[in-house]
Amino acid sequence: MNKIANIKTETSRHLRQYELVDLVREYDPSVDENLLNKAYVYATKAHGAQMRHSGDPYYAHPIQVAGILASLHLDVQSICTGLLHDVLEDTEATYEDITEMFGEEIAKLVDGVTKLGQVELSVPNPTRQRRQAENFQKFVLAMSKDVRVLLVKLCDRLHNMRTLEHHPKAESRERISRETMDIYAPLARRIGIDRICSELEDLSFKHLNSSAYESITRRLEDWRANQKAAISQMSVALRDLTDEQGIAAQIYGREKRAYAIWRKLQRQGISFEDVADIYAFRIIVDDRATCYRVLGMLHTNFRCVPARFRDFISVPKPNGYQSLHTTILGPENRRLEIQIRTARMEDVAERGVAAHWAYKNESYAYDPEKAQESGGDPLRRIRPLVEMMEQSGDADEFLEHAKLEMFADQVFTFTPKGELISLPRGATPIDFAYAVHTDVGDTCIGALINNRERPLRTRLQNGDVVKIIRGGEPEPQPDWENMVVTGRARSSLRRLTRDKEVQEFVRIGAMLADHAFAREDKDFSESSIGDTLKRLGFKEPEELYHALGKGDMSIKHFMKAAFPGRESTKAMEDYANREFITDSTAKLYVKGDGLTAGVSMHLSDCCSPIPGDRIVGLQRPGKGVIIHTIDCDVLASSDASSDWLDIGWRRAAQHAMSTGRVTATVEHVPGALADVTKIIGEAGGNLINITTVQRSPTFFDMIFDVEVTDNRHLMQIIAALRTSAYVVAAQRMMGEFVPAQ
Ligand code: MN
């Protein structure tokens, strides 16, 4: 009977290739042995020299998993999946490789098991259990598409639990045991594989509460020694009774496992001696009617304990379990539980959904007819569970049965094709899009959630079906980075922002170069600046534009390289304010009593006076006259007011263009610079240079040199800049640059 337990569990020994094939052929004579052999060899080779914590070769693990699956009499696809279940995750093998070698069905199953392993289980948080139940419900949903995926996963977990003592880390042993106890064991029970369930529970219990486990195990040994005689006596009595009645029956005993006893001790507040059914007899007969005959026979010959009689044949357990349970008073008035069932019921109890696979017409597969006998569709028992959980009112009830502390921080969502995308809680459609594929994220412009268009900031809920609406070009919006929670989405958005920024600098740089040429009445074209690029050490025009746009290179420097023979160009003159009006030209624009012919004049760099400003000239020996605006800090600190020259602008200056300097703090987002340059252009200013003073993740501090007609024109431009959503602060530059706070 103990088919599963019979599979070797010692770490030093694993199933040989022929042993596995024999095992499968025993219940499925038509098995495709080539396929099995191929999968066995493939797994061995793929895992190569990888080792388990136990010191065994890694491939021993998938082989043992395949053995457990064979003990459940599963189909060859499931066995192959068991052999291959870790190759996608742990080796070079790809989905395509598996498809080519073993066909799509097996590849899909392997992929399913791999994905299941990738669901990150998080630390228990009892205050959010309800949410966790909802999460878990999606987890089951995703799994139940093909129940074989779940079966392979359970056998995988069983073998890992059997070898868990080799895991070097105590925290990992505890986490894995907790996860097994709370998630996998209840799942095994749900699909009716009682034997796997109780072994999983027992192994977890051993790691989670080793002192209780050991003490119960010791008590059991004592108990066994004491009861040996009584049990064999009872066994003979039962045999005699069935023989007398001419009933063909298999009679054997089964002992409760340590964890099951522990649970009883806790739940019922009783002592070890009081646990009634540490040992139970099973009587397996041919048909349903005989089950009731045996029951009648027992109740005639022994006193029964009425409160403990259960008929799971007429009312099966939700997982399909069928049996009669009765407790009788045996020799010495000892309570003894007896379970009566047919061989088919026994099979279902042992193998659960796996019992619905059958050998038929040379093809070994799920057999609906055979399944019908014991409840139909193997997922029939899971589906109402899922529906039950979907009506959120029952989530708490479900929680009672399966503790689900594991999915607190996960939300399970689906693509329109039904693929599960698990995301951290709080994730938005943008996170979803990037989780599907980087290209999908980059081109995401909107989302349909459950067929309704929803804002991209919407937090996704469990079970949401998300369809991403895509545009052609990446158009990330400034606030998106605040809307995402996954690292993948965040880093992708940063990359996009960087790319956009580079594009913008290139565009602005090209515009600046074009303007500089225009002022020389030259047509600007990329073909005409080949030599200039070479001189400046650039390979591509874009590199030059980027440097100009970003302010890494001045227009003046560029123009010198473009027109190497010429002393100055208008753009070069325009570039620096102090060169704008010098000597003869300054005299054209500036008038004043103290000015003497031949004295050189400079417009000060610190305040960049422009026509319309009230100005003062400072006489500096050897440097001539420096012109400041009346409110410039430099004047305030100059005590020798006797040196001040009262000067003003000539009328002619009103018609010339001067360069004003604006400092601005601009948001560090795509589109910001484009907006700023557009505003300046629309206000009639001519942007001739941009310098980035300081850059932070959120803001740029920049200096714009803008050609304007006079100070009023400049103030209009500054006012217009302040209307921009991207401009945090803008002012005329006076004195040293101080970044806005
Ligand atoms: Mn595995």
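Cut-offs applied
- Residues numbered from 1 in each chain as written.
- Predicted model: local features only at pLDDT ≥ 70, side-chain atom pairs only at ≥ 80, totals over all residues.
- Heavy atoms only, no water.
- Buried < 20%, exposed > 50% of the residue type's maximum accessible area, 1.4 Å probe, protein only.
- Helix = DSSP H or I, 4+ residues; strand = E, 2+ residues; numbered from the N terminus.
- Arc of directions from axis to C-beta.
- Pairing = 2+ DSSP bridges.
- Axes fitted to C-alpha atoms, helices over the stretch in contact; angles between N-to-C directions.
- Contact = heavy atoms within 4.5 Å.
- Salt bridge = Lys/Arg side-chain N within 4 Å of Asp/Glu carboxyl O.
- Donors = N, O, S within 2.8 Å, 3.2 Å for Na, K, Ca; no water.
- Polar contact = N/O pair within 3.5 Å; in protein donor to acceptor, adjacent residues only side chain to side chain.
- pLDDT = per-residue confidence, 0-100.
- Phe/Tyr/Trp six-rings, centres within 6.5 Å; stacked < 30°, edge-to-face > 60°.
- Lys NZ or Arg CZ within 6 Å of the ring centre and 35° of its normal.
- Parallel < 35°, antiparallel > 145°, perpendicular 65-115°, else oblique.
- Left-handed = near helix turned anticlockwise from the far one by under 90°.
- Nonpolar A, V, L, I, M, F, W, Y, C, P; charged D, E, K, R; others polar.

Draft legend 1. Region of interest: helix 26 (residues 555–562). Of all the positions in helix 26, only I555, F558, M559, A561 and A562 are classed as buried. For helix 26, the arc enclosing every buried residue in end-on projection is 160 degrees, short of the 170-degree limit, so these residues lie on one face.

Draft legend 2. Fine view of the sheet that holds strand 19 (residues 658–667). Read across the sheet, four strands follow the order 20-21-19-22 without closing on themselves; strand pairing throughout is antiparallel. Every interior strand has two partners, whereas the edge strands, strand 20 (686–695) and strand 22 (727–732), have only one. Averaged over all adjacent pairs, the angle separating strand axes in this sheet is 20 degrees, with direction ignored. With five bridges joining them, strand 19 and strand 22 adopt antiparallel strand pairing. Along strand 22, the bridge assignment pairs V666 with V727. The strands touched by helix 32 (residues 711–722) within the sheet are strand 19, strand 21 (699–708) and strand 22, with strand 22 carrying the most contacts at an inclination of about 170 degrees.

Draft legend 3. Region of interest: the pattern of salt bridges. In the structure shown here, the tally under the stated rule is 17 salt bridges. Between R224 and E255 there is a salt bridge whose closest N-O contact spans 2.5 Å. In this pair, R224 is assigned in helix 13 (residues 210–245) and E255 in strand 1 (residues 250–255), connecting sequence segments 31 residues apart. Owing to a relative accessible area of 38%, R224 belongs among the partly exposed residues under this scheme. The partly exposed category is assigned to E255, whose relative accessible area is 25%. When the shortest N-O distance is used, the salt bridge between R344 and D347 registers 3.5 Å.

Draft legend 4. Focus on the coordination of the manganese ion. In this structure, H61 (NE2), H85 (NE2), D86 (OD) and D156 (OD) serve as the protein donors to the manganese ion, at separations of 2.1 to 2.3 Å. The sequence pattern formed by the donor residues of the manganese ion is H-x23-H-D-x69-D. Here the residue H61 occupies a position in helix 4 (residues 60–71), and D86 occupies one in the loop between helix 5 (76–84) and helix 6 (87–90), the gap between them amounting to 25 residues. In this structure, H61 and D86 share a single accessibility class: buried.

Draft legend 5. Structural context of the side chain of H713. Within the element layout of this structure, H713 appears in helix 32. Residue classification places H713 among the buried residues on the basis of a relative accessible area of 10%. Within the structure, the side chain of H713 is placed 2.9 Å from the backbone oxygen of A683, a separation counted as a polar contact. In this structure the side chain of H713 is engaged in a polar contact, spanning 3.0 Å, whose partner is the backbone nitrogen of T709. Excluding anything up to four places from it in sequence, H713 contacts A683, G684, G685, E707 and V708.

Draft legend 6. Quick peek at the confidence of the model for the protein. When pLDDT is averaged along the protein, the result is 77; 77% of the residues meet or exceed 70. Throughout residues 374–408 the model reports pLDDT below 50, and contacts reaching past four residues in sequence, or to other chains, amount to 86 contacts. Note that pLDDT drops below 50 for residues 737–741; the model gives that stretch 10 contacts with residues more than four away or on any other chain.

Draft legend 7. Seen up close, the packing of aromatic side chains. Under the definition given, this model contains nine aromatic pairs. In textbook terms, an aromatic cluster arises when at least three aromatic residues are bridged by ring pairs, as seen for F205, Y213, Y259 and W262. Lying across the ring of F102, K38 places its NZ or CZ 5.4 Å from the centre. One residue, R52, lies across the ring of Y58, its end atom 5.6 Å from the ring centre.

Draft legend 8. Representation of the packing of helix 2 (residues 17–27) against helix 4. Between helix 2 and helix 4, the least distance of the axes is 9 Å, while the angle of their chain directions is 15 degrees. Judged on the interaxial angle alone, helix 4 and helix 2 are roughly parallel. Crossing angle aside, the handedness with which helix 2 passes helix 4 is left-handed. When helix 2 is examined against helix 4, the residues L20, L23, V24 and Y27 are found in contact with a partner set consisting of A66, G67 and A70. Residues of the contact of helix 2 with helix 4, tallied by class, amount to six nonpolar, one polar and no charged.

Draft legend 9. Here's a closer look at the environment of G352. With respect to the secondary-structure elements, G352 resides in the loop between helix 16 (343–351) and strand 7 (357–360). Each C-alpha atom of the pair G352 and R190 lies 8.8 Å from the other, and the pair is 162 residues apart in sequence. Not counting the four nearest positions on each side in its chain, G352 is found in contact with I191, G192, I193 and D347.

Draft legend 10. The sheet that holds strand 13 (residues 466–470), seen in detail. The strand order 12-11-13 describes an open sheet built from three strands, whose pairing is antiparallel. Looking at strand neighbours, the two that pair on one side only are strand 12 (452–454) and strand 13, the edges of this open sheet. On average, each strand axis in the sheet is tilted by 40 degrees relative to the strand beside it, whichever way the strands run.

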